[in-house]
Amino acid sequence: TCSMKNKDCQENKKIVFIAMALSQPRCIKRVISFKERGFECQVYGYDRGKYDINSYPEDISVTNLGQLEDNKYLGKSIKVFKDIVRIKRTHHSKDTIFYAFGFFQALYLKLLGERYIYEISDILYAYPKFRHFVKPLKALDRRVIKSSLATVMTSGGFYSWFGVKAPQIFVIPNKVSPLLQ
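Just so you know, these numbers come straight off a predicted model, no measurement behind them.

A. Spatial organisation of the overall build of the chain. A count of helical and extended segments in the chain gives 6 helices and 7 strands. Starting at the N terminus and walking to the C terminus, you meet the elements of the chain as α-β-α-β-β-α-β-α-β-α-β-α-β. Considering the chain as a whole, with its 181 residues, one finds that 44% of them fall into the buried category. The long-range fraction of contacts in the chain, counting pairs at least 24 apart against all pairs at least 6 apart in sequence, stands at 59%. Per element, the accessible surface of the chain, about 10,100 Å² overall, is 55% carbon and sulfur.

As structure tokens, this is what we get:
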């Protein structure tokens, strides 16, 4: 994801992850992959009442920011923004890179002037109930992608949908391990 050839990844070895669902297996797997490459990892996230059997290794610092209710988008967005501002104050330094597991977290980090890696595993605003917001949010999302140190897309379909051509985009499919198939 963060290529060792990338200057920011060579010089900055601390990554602060912001996960919308702390126990989401994809998030845990991504954090562990950075830890295994020598990065200091700090994880912040929310309890969504899902995947509760999954956990991080003991040597990774995890902070639970509380619960987020499904379908309460405005309240959830305000809470996440306030939490990111607080996290930024705690971890703001030239040695820190933030890792956002979602659009709004990445957008907030961009607006706050932080360096970030953005992971896209879902495009919530493309769902029919948000059809009136698709065009402006897609345009904004493309800017967030272009401003990132790296963007990870868990499907090649996302890459095609956005149509952004940039060297910092990586497609890393979110698949079941071949050992389990």
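B. The packing of aromatic side chains, seen in detail. With the rule as written, the count across this model stands at 9 aromatic pairs. Ring geometry for Phe 17 against Phe 101: centres 6.1 Å apart, planes inclined by 25°, an arrangement best described as stacked. Of the two residues, Phe 17 is situated in strand β1 (residues 14-19) and Phe 101 in the loop between β4 (96-100) and α4 (103-111); the sequence distance between them amounts to 84 residues. A single burial state applies to Phe 17 and to Phe 101, both of which are buried. Ring centres of Phe 34 and Phe 39 lie 5.3 Å apart, and the angle between their planes is 75°; on these two criteria the pair is classed as edge-to-face. This pair shows no difference in class: Phe 34 is buried, exactly as Phe 39 is.

C. α4, seen in detail. Listed in full, the buried residues belonging to α4 are Phe 103, Gln 105, Ala 106, Leu 107, Tyr 108 and Leu 109. Close packing links the buried residues of α4 with β1, α3 (73-91), β4, β5 (116-120) and α5 (134-147). Just downstream of α4 lies Gly 113, where phi reads positive at about 80°.

D. Structural view of the side chain of Arg 26. Along the chain, the position of Arg 26 falls in helix α2 (residues 25-36). Classification of Arg 26 as buried rests on a relative accessible area of 8%. At a separation of 2.8 Å, a polar atom in the side chain of Arg 26 contacts the side chain of Glu 119. With near-sequence residues (within four places) excluded, Arg 26 lies in contact with Phe 101, Glu 119, Ser 121, Thr 154 and Asn 174.

Definitions and limits used
Residues numbered from 1 in each chain as written. Predicted model: local features only at pLDDT ≥ 70, side-chain atom pairs only at ≥ 80, totals over all residues. Heavy atoms only, no water. Helix = DSSP H or I, 4+ residues; strand = E, 2+ residues; numbered from the N terminus. Buried < 20%, exposed > 50% of the residue type's maximum accessible area, 1.4 Å probe, protein only. Contact = heavy atoms within 4.5 Å. Areas by Shrake-Rupley, 256 points an atom, 1.4 Å probe, with all protein chains shown as cover. Phe/Tyr/Trp six-rings, centres within 6.5 Å; stacked < 30°, edge-to-face > 60°. Polar contact = N/O pair within 3.5 Å; in protein donor to acceptor, adjacent residues only side chain to side chain.

Keep in mind these numbers describe shape, not what the thing actually does.
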